[in-house]
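Observations on chain architecture
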Amino acid sequence: MKILVADAFPKDRLSDLAALGLEVEHRADVSAGDLPAAAADASILVVRSKEVSADVFDRAAALSLVIRAGAGVNTIDVAAASQKGVYVANCPGQNSIAVAELAIGLVIALDRRIPDNVAALRAGRWDKKRFSEAAGLYGRTLGVAGLGAIGREVATRALALGMRVLAWSRSLTAEGAKALGIERAPDLLSAARASDVLSLHLPLSRETRGVVSREVLLAMKPNAALVNTARAELVDQAALLELVRAGRLRVATDVFAGEPAKGQAEFQSELAQLPDVYGTHHIGASTAQAQDAIARETVRIVEAFVRSGEVPNCVNVARKTPARARLVVRHFDRVGVLANVLGIIREAGINVEEVRNTIFEQAQAASCAIDVGERPPDALLERIRSRRDEVMFVDCFDL
Ligand SMILES: NC(=O)c1ccc[n+]([C@@H]2O[C@H](COP(=O)([O-])OP(=O)(O)OC[C@H]3O[C@@H](n4cnc5c(N)ncnc54)[C@H](O)[C@@H]3O)[C@@H](O)[C@H]2O)c1
Ligand SMILES: O=C(O)[C@H](O)COP(=O)(O)O
């Protein structure tokens, strides 16, 4: 079985992959355009931010698993993977401390204008007067959009600085916020309005693309700061550029629209050129600690897959299937019994969505939950029930 590692990956962990009996090919510099050809005969593909397009899934007939050695899966065509039955997994939480450290670093850098201090001294200028205008962070409000693995680490660190933390996140409740010592904002607009610094930690998805709209940016206090260590596409980039140019907002961003996927490249960004913008090179996850944790988690996923067929952290298994009803069939644990039950369901033209068979102690009997696309007629239940030498109980539940 071949595994293609198509981005930078620690040598020791490549050896761990080889020790699993895999043929390991490491091509860190393969371009996204060349990836479909490079992955054509791979069973497992490991990537960081490299784009994995639908072409990869069209060409790689043996491909079973794509692992995002990181958190965000927006660079992978997950819908195309799902159509071909290819698992996509990521490494949640493994780089969250690293990103939170950068986000807090950027919050402090913005307040004290640390990069400009450094640049002035390097240019031979002493300017204590200009750089003595920081507001200070203690008691000020940090808005956190997306209170997941990274958002929580950011909140913890901001609380340690004495900041008030106001979070907006999909499943955050007021009680959940209270337990963390923070407050819950009912929506992003309210969080933006109340924050001195708004820090983004949402994944990029259909729902979140452009969520930091012109309206949200305009709602921010004059001279407030936006910190983006998540994804550029969360933010209306044209409005951002306009408001920064107008002196309304200050920005620190680790992520850029159209940023290169490789380690070194020419890159021109209008935003990054502005004096009120501090840009970093999408380095949020790039600490030795985080990369080691990510690589170990990648190896763990591969190992589980090759040893048991299970995929930890799979992101594309349907949370809700099209099943409308569940048949529960208790049956004797013998060869062919389940095949006969499934045969009856097939004859009725009903699609089976999910099956879970549980064995009773001593392996004489079993219970099978069969989720089906539509509620079967009573006659079908009766047909299954009538196989008394194989089946002891049948019932049906609407889902
Ligand atoms: N700069 C970097 O190097 C770097 C590193 C890691 C992750 N990231 C980015 O940060 C993102 C967040 O990472 P994470 O590990 O914290 O992910 P996570 O899944 O743990 O957290 C995301 C949070 O956002 C919330 N959320 C999702 N959709 C939402 C919606 N529509 N409305 C409101 N809330 C919503 C979720 O409930 C969750 O709490 C990643 O998806 C990635 O894009 C960047
Ligand atoms: O989603 C992530 O994990 C980050 O954006 C890190 O990306 P990278 O692996 O390309 O540094």
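Counting restarts for each chain: residues are numbered from 1 in the order of the written sequence. By the order in which they are written, chains take letters starting at A while ligands take numbers starting at 1. Thresholds applied to this predicted model are a pLDDT of at least 70 for local features of residues and 80 or more for the giving and counting of side-chain atom pairs; totals over whole chains, interfaces and linings are not thresholded and use all residues.

Details of the site of ligand 1
- In the vicinity of ligand 1 there are 30 residues, among which Gly-72, Gly-146, Gly-148, Pro-203 and Gly-284 approach most closely.
- Counting only elements with at least two residues in the shell around ligand 1, the list comes to α5 (96-112) and α7 (149-160).
- Numbered from the N terminus, helices here are DSSP runs of H or I no shorter than four residues, and strands are runs of E no shorter than two. Among the elements that make up the shell around ligand 1, the one with the highest residue count is α7 (3 residues).
- Class assignment of the residues belonging to the shell around ligand 1 gives a composition of 12 nonpolar, 14 polar and 4 charged.
- Mapping the shell around ligand 1 onto the domain boundaries places at least three of its residues in each of domain 1 (2-94 + 289-308) and domain 2 (96-284). Only the C-beta atom matters for this test: placed from the backbone, it must lie within 6 Å of a molecule or strand for the residue to be near it. Classes in brief: Ala, Val, Leu, Ile, Met, Phe, Trp, Tyr, Cys and Pro nonpolar; Asp, Glu, Lys and Arg charged; the others, Gly included, polar. In this entry, domain limits derive from an automatic or database-based domain assignment.

Details of the nonpolar core
- If you look at the biggest cluster of nonpolar residues, it comprises 96 residues, and the most contacted ones within it are Leu-45, Val-46, Val-66 and Ala-167.
- Per-element tally for this core: the top contributor is α5, with 10 residues.
- Two domains each donate at least three residues to this core, and these are domain 1 (2-94 + 289-308) and domain 2 (96-284).
- Connectivity within a nonpolar core runs through C-beta atoms within 7 Å, and the core itself is a set of buried Ala, Val, Leu, Ile, Met, Phe, Trp, Tyr and Cys residues. Whether a residue is buried, exposed or partly exposed is read from the other C-beta atoms within 10 Å of its own C-beta, which are placed from the backbone; 20 or more gives buried, 12 or fewer gives exposed, and intermediate counts give partly exposed. Of all hydrophobic cores here, the second largest spans 10 residues; its members include Val-329, Ile-345, Ile-370 and Val-372.

With respect to the packing of α5 against α7
- Under this scheme, a helix contributes an axis fitted over its contacting stretch, all axes are lines through C-alpha atoms, and angles between N-to-C directions fall in the 0 to 180 degree range. Their axes nearest at 8 Å, the elements α5 and α7 cross at an angle of 50°. In terms of axis orientation, α5 runs oblique to α7. For α5 against α7, the interelement crossing comes out right-handed. Only Ala-149, Ile-150, Glu-153, Val-154, Arg-157 and Ala-158 of α7 make contact with α5, whose side of the interface consists of Ser-96, Ile-97, Val-99, Ala-100, Ala-103 and Ile-104. In what follows, roughly perpendicular refers to angles from 65 to 115 degrees, roughly parallel to angles under 35, roughly antiparallel to angles over 145, and oblique to any angle outside these ranges. Left-handed describes a crossing whose near helix is turned anticlockwise from the far helix through less than a right angle; right-handed describes the clockwise counterpart. By the convention adopted here, residues make contact when the C-beta atoms placed from their backbones lie within 7 Å.

With respect to the UniProt feature "domain: ACT" (unreviewed entry) in the protein
- UniProt positions are given in the numbering used here, feature names are shortened, and annotations may be inferred rather than shown by experiment. As recorded in UniProt, the sites labelled "domain: ACT" (unreviewed entry) are residues 326-387.
- Within residues 326-387, the helical portion is 31% and the strand portion 37%, while the C-alpha atoms at the span's ends are 19 Å from each other.

What about the UniProt feature "domain: D-isomer specific 2-hydroxyacid dehydrogenase catalytic" (unreviewed entry) in the protein?
- According to UniProt, the feature "domain: D-isomer specific 2-hydroxyacid dehydrogenase catalytic" (unreviewed entry) maps to residues 4-316 in the numbering used here.
- This span, residues 4-316, is 37% helix and 15% strand, and a straight line between its end C-alpha atoms measures 20 Å.

Brief notes about the domain arrangement of the protein
- Domain boundaries in the protein define domain 1 (2-94 + 289-308), domain 2 (96-284) and domain 3 (325-398).
- Spacing between the C-alpha centres of domain 1 and domain 3 amounts to 37 Å.

Remarks on unusual backbone geometry
- Its identity as a non-glycine residue notwithstanding, Asn-223 has a phi of 75°, on the positive side.
- In this fold, Asn-223 is placed in the loop between α10 (214-219) and β10 (224-228).
- A positive phi angle is found at Gln-362, which is not glycine, with a value near 80°.
- You can see Gln-362 is positioned in the loop between β14 (352-359) and β15 (365-372).
- Among the residues examined, Gln-362 registers 7 C-beta atoms within 10 Å and is labelled exposed.

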